[in-house]
Amino acid sequence: MADSSFDIVSKVERQEVDNALNQAAKEISQRYDFKGVDASIAWSGEKIEMRANAEERVKAVLDIFQSKLVKRGISLKALDAGEPQASGKEYRISASIEEGISQDNAKKVAKIIRDEGPKGVKAQVQGDELRVSSKSRDDLQAVQQLLKGKDLDFAIQFVNYR
């Protein structure tokens, strides 16, 4: 019998991020407490640009955007938001969506699987994802539960379960 396997990836569906951004922009344009503060949120190339005329307001824009991401099932670990920066009369926060597992993070996950996972489970790095294989499907499910229980500083999903 061939080995069973699955891949650990860190991907975000761009359309869902776009939908969350549009919902946040709509809420900002309609909310009473944002009237007259020039608050906005929009794509700026690959980054998300949030603007307002006060530091508290731009943080509130970020908070609204984060709540919309959560409602759409996107982990906040994938959102990399900077600190508010003054730019003339307005404050800006630039955020990006992190995708892919870096080599360092992939090695950390592989080490967790080696040290704490069931025996006979192999993990190998393949580009920006990690393939986990074993003869036993139960062991693979145990690895998934182990990783879900860990507080990793990046979002992970399990795909290609065979």
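Relevant structure appears above.
Residues numbered from 1 in each chain as written. Predicted model: local features only at pLDDT ≥ 70, side-chain atom pairs only at ≥ 80, totals over all residues. Heavy atoms only, no water.

Peer 1: Describe unusual backbone geometry, with residues and values.
Peer 2: The phi dihedral of Asp38 falls on the positive side, at around 50°, and the residue is not glycine. Inspection of the secondary structure puts Asp38 in the loop between α1 (14-30) and β2 (40-44). In the Ramachandran plot, Asn160 falls in the positive-phi region, its phi being about 55° despite a non-glycine side chain. Assignment of secondary structure puts Asn160 in the segment after β9 (157-159). The class of Asn160 is partly exposed, set by a relative accessible area of 39%. (Helix = DSSP H or I, 4+ residues; strand = E, 2+ residues; numbered from the N terminus. Buried < 20%, exposed > 50% of the residue type's maximum accessible area, 1.4 Å probe, protein only.)

Peer 1: Go over the nonpolar core, please, and point to the residues and values.
Peer 2: Core analysis: the biggest nonpolar cluster contains 25 residues, and Ile41, Ile48, Met50 and Phe65 have the highest contact counts within it. Elements represented by at least two residues in this core include exactly α1, β3 (47-52), α2 (55-71) and β6 (90-97). For this core, the element with the most residues is α2, which contributes 6 residues. What Ile48 contacts, discounting residues up to four positions off in sequence, is Val17, Leu21, Ile41, Ala42, Trp43, Phe65, Ile93, Ser94, Ala95 and Ile97. In this structure, Ile8, Ala110, Val121 and Leu146 belong to the second largest nonpolar core, which totals 17 residues. (Core = buried A, V, L, I, M, F, W, Y, C linked by side-chain atoms within 4.5 Å. Contact = heavy atoms within 4.5 Å.)

Peer 1: Got a sec to walk through the packing of aromatic side chains? Specific residues and values, please.
Peer 2: Aromatic ring pairs are described here by two measures, namely the spacing of the ring centres and the angle between the planes. Inspection of every chain in the model, using the stated rule, returns 2 aromatic pairs. Taking 5.5 Å as the distance between ring centres and 85° as the angle between the ring planes, the aromatic pair formed by Phe6 and Phe158 counts as edge-to-face. Taken together, the positions of Phe6 in strand β1 (residues 4-9) and Phe158 in strand β9 put the pair 152 residues apart, joining distant regions of the chain. Take Phe6: its relative accessible area is 0%, and that puts it in the buried class. Judged by its relative accessible area of 23%, Phe158 falls in the partly exposed class. Ring centres of Phe6 and Tyr161 lie 6.3 Å apart, and the angle between their planes is 35°; this geometry places the pair in the tilted category. A residue pair is termed long-range when its members are at least 10 positions apart, and Phe6 in strand β1 and Tyr161 in the segment after β9 qualify at 155 residues. On the accessibility criterion, Tyr161 (33% relative accessible area) is partly exposed. One aromatic cluster is present, formed by Phe6, Phe158 and Tyr161 through successive ring pairs. (Phe/Tyr/Trp six-rings, centres within 6.5 Å; stacked < 30°, edge-to-face > 60°.)

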